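Report on the structure
The lines below spell out each chain.
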Amino acid sequence: MLEFDRSISRRTALRRTVGGVLVCGSGVASLETHSPVRADEAGLIVRNSRPLDLETPVTALDGWLTPNDQFFVRSHLSTPAIGLAPWSLQVGGLADHPRAWSLNELQKLEQVKIPAVLQCAGNGRAYFRPRLPGVQWEKGAVGHAEWSGVRLVDLLERAGYQRGAGHVHLLGADPPPSPKTPRFLRSIPIERALDPNTLIATHMNGEPLPFLHGGPMRLVVPGWAGNHWLKWLRQISLAKDEAPGTYQQSGYRMPKSPAPPGAVLKPADLVPLTVMNVKSLITAPADGSMLKAGNHEVRGVAWTGDGHVTKVEYAVGPNSPWRPATLQGEPRQGSWRTWKFAWETAQPGKYTIRVRASDSNGDTQPETTAWNKSGYLWNGIDRLTCEVR
Ligand SMILES: Nc1nc2c(c(=O)[nH]1)N[C@H]1C(S)=C(S)[C@@H](COP(=O)(O)O)O[C@H]1N2
Ligand SMILES: [Mo]
C-alpha cells in the first residue's frame, strides 16, 4: 500500500539521522512535499532518543490545535519494522464474525472527526517531590488535535461481539527490542470501546496520521490518558478479562487514595488510570519573558477528562485575589478550550503569573498534586515568572 511504502522511506530517513531523533513535517503521506525536519529544528524537547520521547514546548500549545510536527511523541518500544504492507487490522476474539480490515475498507465506513486532548499520564512528572524515575516530562506531553477515522463500535458491531466480552485488547505493530521485553499490550473496558467517541483514527489535523503518532491507524479515547491511545494498531481482540502483561497489570495504575513515598500497596489498593483530571497551562507569555510596561494579553489552554472546564482563574503576583479569565470556544467532552485575560498597565517589577481551572465535577487544580509512585496525572496550578521593564 502506497501510504506504507512512504513510511518505509521515512524509516530509512530516521536511521540516517544521528541518534535517530527526527520528526517529519507532516507525516507519512507528505514525505514527498515536506522534507523531514530534526526534532530540535521543530523546537521539540528531546527527553529520550531511544525510544523516542519528544516534548512540545508549552509556547507551541498556544492555540486551539497543536501542529502535527510540534506534537509530543511518546514511544515505549522501537517504531514498527518495515515490510508490514499492506496494513491489516485484525478484529477477533469473542466475536461471531472475526475479520481483517484494510485501510481502504475502513475508509468506506462512516468517517467522524473529533477534537480531543492527548496527554501522557506522566505529563508533569518532573514536578513531583520527592523526585521520581521515568521520563522527566514538564508541561508539554500534551496536545490537542482533530482526529478523524471510524468509530471503534462500528467495527465491533460488524464483528458481532459476544455477550461475554468485557474488555477489548489492543496491540500495535511496534516490536519489543528483544524477545524478553514485553509488547505494549493494553485493553479498555467494553463500555468505553462501545462509546461513539472512541475512534480508530487514520487522520490527524486533516493529514494522514503521521507515522510517529501511530500511522496508519491508532486508537483515540477522548478524556482518557494517552496510554489508551494505542498506536500502529494491528490487533483488536474481544476478551472476558483485562489484558495480561505488565503494561496493563502493573503500569498505569493509581492508588485509590493518596499513599506517601514508601507505602506498601497491594494490587487491590490500585485502580487503572483512565480519566484525566482538570488542568490548565499558560501558553503566552513564555516563562522568563522580559515585557515592556503596559498592556499584555496572557493566554493558555484548559481541559479535563470527564465533563467540561467551567472556569479558569488567574493571579498576577503573590497577594492578588483569583480573578476569572475569559474562556473561548464551546465546551466539548475530551477537547480543550483556550482562555485569555488582559494584564493591564503592567508596572516594572518581577511577577509570578498563576492559573487554575475548575471543571463541571466541582474539581479545581490543587497547589500541588498528591504524590504517587509513578508520577502520574500532575495537575498542580500552573505558574511562570516574567519581568516587566
Ligand atoms: N503501540 C503503542 N502505542 C502507544 C504507545 C506505545 O509505546 N506503543 N505509547 C502510548 C502512550 S503512553 C502515549 S502517551 C501515547 C503518545 O502518543 P503520541 O506519540 O502520538 O503523542 O501513545 C500511546 N500509544
Ligand atoms: Mo504516556
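Keep in mind the model is a prediction, meaning the values are calculated, not measured.

Quick word on the sheet that holds strand E2 (residues 53–55)
- An order of E1-E2-E3 is seen for the 3 strands of this open sheet, with the pairing classed as antiparallel. Strand pairing shows two members of the sheet lacking a second neighbour, strand E1 (45–48) and strand E3 (73–74), which therefore form its edges.
- The sheet contact formed by E2 and E3 spans 2 bridges and is antiparallel. Each residue of the ladder has a partner; that of Asp 53, found in E3, is Arg 74.

Overview of the sheet that holds strand E13 (residues 233–239)
- Strand order in the open sheet formed by 5 strands is E5-E4-E13-E8-E9, with mixed pairing between adjacent strands. This sheet does not close on itself; its edge strands, each paired only once, are strand E5 (99–102) and strand E9 (186–189). Along the sheet, successive strands turn relative to each other by an average axial angle of 20 degrees, direction set aside.
- Together, strand E4 (88–93), E5, strand E8 (167–172), E9 and E13 form the strand contacts of helix H3 (residues 152–159), whose direction differs from that of E4 by roughly 55 degrees.

Observations regarding the environment of Arg 158
- For Arg 158, the position within the fold is in helix H3.
- Placed 61 residues apart in sequence, Arg 158 and His 97 show a C-alpha to C-alpha distance of 7.2 Å.

Focus on the confidence of the model for the chain
- With 89% of its residues at a pLDDT of 70 or more, the chain has an overall mean of 90.
- Within the model, pLDDT remains below 50 along residues 1–36, and this stretch shows 84 contacts once partners closer than five positions in the same chain are excluded.

Comments concerning the site of ligand 1
- Looking at ligand 1, there are 19 residues lining it, with Phe 72, Asp 174, His 213, Arg 218 and Lys 231 nearest.
- Look at ligand 1: alone it shows 540 Å² of surface, and the protein chains cover 100% of it.
- Mapping ligand 1 onto the cavity grids shows that it belongs to the largest cavity.

Looking at the packing of aromatic side chains
- For the structure on display, the rule yields 13 aromatic pairs.
- Between Tyr 252 and Tyr 376, the ring centres sit 5.6 Å apart and the planes meet at 20 degrees, which makes this aromatic pair stacked. Separated by 124 residues along the polypeptide, Tyr 252 in the loop between helix H5 (246–249) and strand E14 (253–255) and Tyr 376 in the loop between strand E23 (349–359) and strand E24 (382–388) bring together distant segments of the chain.
- For Tyr 376, a relative accessible area of 8% puts it in the buried group.
- In this structure an aromatic cluster arises from ring pairing among Phe 71, Phe 72, Trp 137, Trp 147 and Trp 229.
- The residue whose ring lies beneath Arg 99 is Trp 101, and the NZ or CZ to ring-centre distance is 3.6 Å.
- The cationic tip of Arg 192 hangs over the ring face of Trp 224; the distance from NZ or CZ to the ring centre is 5.2 Å.

Some points on the nonpolar core
- Counting 68 residues, the largest nonpolar core has Leu 89, Trp 147, Val 168, Ile 200, Leu 219, Leu 233 and Ile 236 as its most contacted members.
- In terms of residues, this core owes the most to one element, strand E6 (residues 112–119), which gives 5 residues.
- When residues of this core are assigned to domains, at least three fall in each of domain 1 (10–251) and domain 2 (279–388).
- Core analysis: the second largest hydrophobic core is formed by 21 residues, Leu 291, Val 312, Trp 343 and Ala 357 among them.

Structural notes on H3
- The element H3 is extensively covered by neighbouring structure, given that 6 of its 8 residues are classed as buried.
- Looking at H3, one finds that the buried residues are Leu 152, Val 153, Asp 154, Leu 155, Leu 156 and Ala 159.
- Immediately beyond the C-terminal end of H3, within one or two residues, lies Gly 160, with a positive phi of roughly 65 degrees.

So, the pairing of E8
- Taken across its 6 residues, E8 has 6 buried, putting it largely inside the fold.
- In E8, alternate side chains face the same way, and those of His 167, His 169 and Leu 171 on one face and Val 168, Leu 170 and Gly 172 on the other are all buried.
- For E8 and E9, the ladder comprises 4 bridges, and the chain directions are antiparallel. The residue of E9 that forms the bridge with His 169 is Ser 187.
- With 6 bridges joining them, E8 and E13 adopt antiparallel strand pairing. Counted as the bridge partner of Val 168 is Leu 238 from E13.

Topic: empty space enclosed by the protein
- The final tally for this structure, using the stated rule, is 5 cavities of 30 Å³ or more.
- The calculated volume of the largest cavity comes to roughly 280 Å³.
- Considering the residues around the largest cavity, the lining is formed by 20 residues, among which Arg 74, Arg 218, Gly 226, Trp 229 and Lys 231 are closest to the centre.
- In terms of residue class, the lining of the largest cavity is made up of 10 nonpolar, 6 polar and 4 charged.

Structural notes on the side chain of Asn 379
- Take Asn 379: it is sitting in the loop between E23 and E24.
- Using a relative accessible area of 6% as the deciding quantity, one classes Asn 379 as buried.
- Engagement of the side chain of Asn 379 in a polar contact is seen with the backbone oxygen of Val 278, the distance being 2.9 Å.
- Excluding residues within four positions of it along the chain, Asn 379 makes contact with Asn 277, Val 278, Lys 279, Gln 365, Pro 366 and Thr 369.

Structural notes on the environment of Ser 88
- Note that Ser 88 resides in strand E4.
- Taking the C-alpha atoms as reference, Ser 88 lies 9.8 Å from Arg 99; in sequence the two are 11 residues apart.
- Discounting residues that sit within four places of it in the chain, Ser 88 has contacts with Ala 100, Trp 101 and Arg 234.

Quick notes on the rules
- Per chain, the residues get numbers from 1 upward, laid out in the order the sequence is written.
- Written order decides the labels, with chains lettered from A and ligands numbered from 1.
- Where totals are concerned, whole chains, interfaces and linings use all residues; where local detail is concerned, this predicted model gives features only for residues with pLDDT of at least 70, and gives and counts side-chain atom pairs only at 80 or more.
- Side-chain measures here rest on the full set of heavy atoms in the structure, leaving out hydrogens and waters.
- A pair of strands is labelled paired if DSSP reports no fewer than 2 bridges between them.
- Secondary structure elements are taken from DSSP: a helix is a run of H or I of four residues or more, a strand is a run of E of two residues or more, and numbering for both begins at the N terminus.
- For helices, the axis comes from a line fit to the C-alpha atoms of the stretch in contact; other axes are also lines fit to C-alpha atoms, and the angle between any two N-to-C directions lies between 0 and 180 degrees.
- The contact criterion used throughout is that any non-hydrogen atoms of two residues lie within 4.5 Å.
- Confidence of the predictor at the level of single residues is given by pLDDT, which spans 0 to 100.
- What makes a residue near a molecule or strand is one non-hydrogen atom of that residue sitting within 4 Å of it.
- The Shrake-Rupley method, run with a 1.4 Å probe sphere, supplies the accessible areas, and residue values consider only the shown protein chains as cover.
- In the cavity and pocket records, a cavity denotes points on a 1 Å grid over the protein atoms alone where a 1.4 Å probe fits but cannot get out, a pocket denotes an open set with protein on both sides within 12 Å along at least 5 of 7 lines, and lining residues are residues with an atom within 4 Å of a point.
- Any molecule with more than half of its atoms within 2 Å of a cavity's or pocket's grid points is regarded as sitting in that cavity or pocket.
- Each pair of aromatic rings taken from Phe, Tyr and Trp, with Trp reduced to its six-membered ring, is defined by centres within 6.5 Å and is described as stacked if the planes are under 30 degrees apart, edge-to-face if over 60, and tilted in the remaining cases.
- Burial status follows relative accessibility: with a 1.4 Å probe on protein chains alone, a residue under 20% of its type maximum counts as buried, one over 50% as exposed, and anything between as partly exposed.
- In our convention, an over-ring charge means Lys NZ or Arg CZ found within 6 Å of a ring centre and within 35 degrees of that ring's normal.
- In this text, buried Ala, Val, Leu, Ile, Met, Phe, Trp, Tyr and Cys residues form a nonpolar core when linked through side-chain atoms within 4.5 Å.
- An automatic or database domain assignment provides the domain bounds reported here.
- Grid points are joined across faces, edges and corners, and a volume is the space filled by probe spheres set on the points.
- As a working rule, the residues Ala, Val, Leu, Ile, Met, Phe, Trp, Tyr, Cys and Pro are called nonpolar, Asp, Glu, Lys and Arg charged, and the rest polar, with Gly in that last group.
- Counted as a polar contact is a pair of N or O atoms within 3.5 Å, where, for protein atoms, one must be capable of donating a hydrogen and the other of accepting one, and residues adjacent in sequence contribute only when both atoms are in side chains.

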